[in-house]
Amino acid sequence: MSLSRRRTVAALAALPVAGAAARPAAAATGQDAAAAPRTLYIAGDSTAAQKYAPAAPETGWGMALPFFLTPHLGVSNHAVNGRSSKSFVDEGRLDPILAAIRPGDLLLVQFGHNDQKSEDPARYTEPWTTYREHLLRYVTGARRRGARPVLLTSVERRRFDAAGRAVTSHGEYPAAVRALAAEHDVPLVDVQAASLAEWQRLGPEGSKAYFNWLEPGESPNYPDGRRDNTHFRPLGAIEVARTVARGLLAERVLRPRDVRRLDDEVPADRITWPTA
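Here, residues in each chain are numbered from 1, in the same order as that chain's written sequence. A pLDDT threshold of at least 70 governs which residues receive local features in this predicted model, and a stricter bar of 80 or more applies before side-chain atom pairs are shown or counted, although totals over entire chains, interfaces and linings include all residues. To obtain the side-chain values, all non-hydrogen atoms of the structure were used and water was disregarded.

**With respect to the nonpolar core**
Part 1 of the argument: Among the buried residues, those of types Ala, Val, Leu, Ile, Met, Phe, Trp, Tyr and Cys that are joined through side-chain atoms within 4.5 Å form a nonpolar core. Three labels apply to residues, based on accessible area from a 1.4 Å probe with only protein chains included: buried if under 20% of the type maximum, exposed if over 50%, partly exposed otherwise in between. Membership of the largest hydrophobic core comes to 42 residues, with the highest contact counts inside it found for Trp61, Leu65, Leu108, Trp199 and Leu248.
Part 2 of the argument: Here a strand is any run of E in DSSP of at least two residues, a helix any run of H or I of at least four, and the numbering for each starts at the N terminus. Every element with two or more residues in this core is listed here: β1 (38–44), α2 (61–64), β3 (106–110), β4 (148–152), α7 (191–206), β6 (211–214) and α8 (234–250).
Part 3 of the argument: Any two residues whose heavy atoms approach within 4.5 Å at even a single point are treated as in contact. Beyond its immediate sequence surroundings of up to four residues, leucine 108 is in contact with Leu40, Tyr41, Ile42, Ala43, Trp61, Leu65, Val150, Leu152, Val244 and Leu248.
Part 4 of the argument: Within the second largest apolar cluster, 25 residues are counted, among which are Val109, Tyr138, Leu151 and Ala181.

**A word on the packing of aromatic side chains**
Centre-to-centre distance and the angle between the planes together describe a pair of aromatic rings.
Part 1 of the argument: Ring pairs shown here join Phe, Tyr and Trp side chains whose ring centres sit within 6.5 Å, with only the six-membered ring taken for Trp; geometry is labelled stacked below 30 degrees between planes, edge-to-face above 60, and tilted in between. Enumeration according to the criterion identifies eight aromatic pairs in this entry.
Part 2 of the argument: On the basis of an interplanar angle of 45° and a centroid distance of 5.5 Å, the ring pair of phenylalanine 111 and tyrosine 138 is categorised as tilted. With phenylalanine 111 in the loop between β3 and α5 (130–144) and tyrosine 138 in helix α5, the pair connects residues that are 27 residues apart, well separated along the chain.
Part 3 of the argument: In this analysis the charged atom, NZ for Lys or CZ for Arg, is taken to sit over a ring once it is within 6 Å of the ring centre and within 35 degrees of the ring normal. The residue whose ring lies beneath arginine 270 is phenylalanine 67, and the NZ or CZ to ring-centre distance is 4.9 Å.

**Section: the pattern of salt bridges**
Part 1 of the argument: Note on definitions: salt bridges are taken to be side-chain nitrogens of Lys or Arg within 4 Å of carboxyl oxygens of Asp or Glu. By the definition in use, this model includes 17 salt bridges.
Part 2 of the argument: Residue aspartate 228 pairs with arginine 226 through a salt bridge whose shortest N-O separation is 3.8 Å.
Part 3 of the argument: Accessibility expressed as a relative area gives 8% for aspartate 228, which makes it buried.
Part 4 of the argument: Taking the relative accessible area as the measure of exposure, arginine 226 reaches 32% and is therefore partly exposed.
Part 5 of the argument: Sharing partners across several salt bridges, the network here consists of Arg38, Arg255 and Asp258.

**Things to note about the pairing of β6**
Part 1 of the argument: By the alternation rule, side chains of β6 split into Phe211 and Trp213 and Asn212 and Leu214, which are all buried.
Part 2 of the argument: Here a strand pair is declared whenever DSSP counts at least two bridges between the two strands. Pairing between β6 and strand β7 (residues 226–232): three bridges, direction antiparallel. Among the inter-strand pairings, tryptophan 213 is bridged to a residue of β7, identified as arginine 227.

**As for the packing of α5 against helix α6 (residues 173–183)**
Part 1 of the argument: Two elements in contact, α5 and α6, have axes separated by 10 Å at closest approach and are oriented at 50°. Here α6 runs oblique to α5, going by the angle between their axes. Handedness of the α5/α6 crossing: right-handed. Packed against α5, whose contacting residues are Tyr131, Arg132, Leu135 and Leu136, the element α6 presents Tyr173, Ala176, Val177, Ala179, Leu180 and Glu183 at the interface.
Part 2 of the argument: Its residues placed into classes, the contact of α5 with α6 shows eight nonpolar, no polar and two charged. Here, axes are lines fitted to C-alpha atoms. For helices the fit covers the stretch in contact, and angles between N-to-C directions go from 0 to 180 degrees. Should an angle fall under 35 degrees it is called roughly parallel, over 145 degrees roughly antiparallel, and 65 to 115 degrees roughly perpendicular, with every other angle called oblique. It is the rotation of the near helix from the far one that decides the hand of a crossing: anticlockwise by less than a right angle makes it left-handed, clockwise makes it right-handed. Side-chain classes are defined by residue name, with Ala, Val, Leu, Ile, Met, Phe, Trp, Tyr, Cys and Pro counting as nonpolar, Asp, Glu, Lys and Arg as charged, and the others, Gly among them, as polar.

**Some details on α7**
At 3.6 residues per turn, the α-helix brings residues three or four places apart onto the same side.
Part 1 of the argument: To estimate the expected span of a helix, subtract one from its residue number and multiply by 1.5 Å. Helix length check: α7 (16 residues) gives 19 Å between terminal C-alpha atoms against 22 Å at 1.5 Å per residue, more than 12% under.
Part 2 of the argument: By the largest-angle criterion, glutamine 200 marks the main kink of α7, which is about 55°, and a proline, proline 204, follows within four residues.
Part 3 of the argument: All of the buried residues along α7 are Val191, Gln192, Ser195, Leu196, Glu198, Trp199, Leu202 and Gly203. To get the bend at any residue, fit one axis to the seven residues that end at it and another to the seven that begin at it, then take the angle between the two axes.

**A few points about unusual backbone geometry**
Part 1 of the argument: With omega at 10°, the peptide bond leading from alanine 56 into proline 57 counts as cis.
Part 2 of the argument: Checked against the element boundaries, proline 57 lands in the loop between β1 and α2.
Part 3 of the argument: Although it is not a glycine, aspartate 185 sits at a positive phi angle of roughly 55°.
Part 4 of the argument: Its location among the elements puts aspartate 185 in the loop between α6 and β5 (188–189).
Part 5 of the argument: The class for aspartate 185 is exposed, based on a relative accessible area of 64%.

Any functional reading would require information that these geometric values do not contain.
Okay, here's the thing in structure tokens:
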């Protein structure tokens, strides 16, 4: 290579690359890709989504996930209120994830709440056919880019029967996710089973503190109070995020050095809501 060409190559190499500061490359000393900083992308619905000041204290579990990850892991939360596995794709929301995701990154996929809405053709999917077909698009898209997909069953709603037993609310959707994960060798975090057990442990009254149940006057955003059995307050979001982090560790998607505080109390006031 000529001297002038070497100088040109060196100059090009010195140019800044978009995102380079957030994603430093592994040093050229034999350090493997698994040791490089990674990003966890979240594709999901309102139970995981970022919430803003007008919605506080409603909290998505994706907001709390960084509390349980060490600093070399970032979280890019693309979950959006009201979306299903189908509408998220149809609105083009998967495309920017797949454009940004890189080898070594993770794509956490959790849908089901809005896929159940049979009255809405823009969102409805049938659990054993179109739901699985749409989820598979996330899986194959991530894998084609060298990233690792992880399927999550839907976090359970707060529902109890007359005897005070926590009951399921997602029909066949969690079973369809489990079957898809097994069939395509995708890591699975069974948030539905874990959250159902947690709501049972807390009981009908204790679980209210984890959901967006508010008395009149308790929050200026909900002056008349709130009885929400789907969305979380900070305590609930923190515990669901803890469940997700534990599941990623158990599935060996994350390593022990990737996680922290799994058994520690995380104060609810650690949650903050940016302005919209």
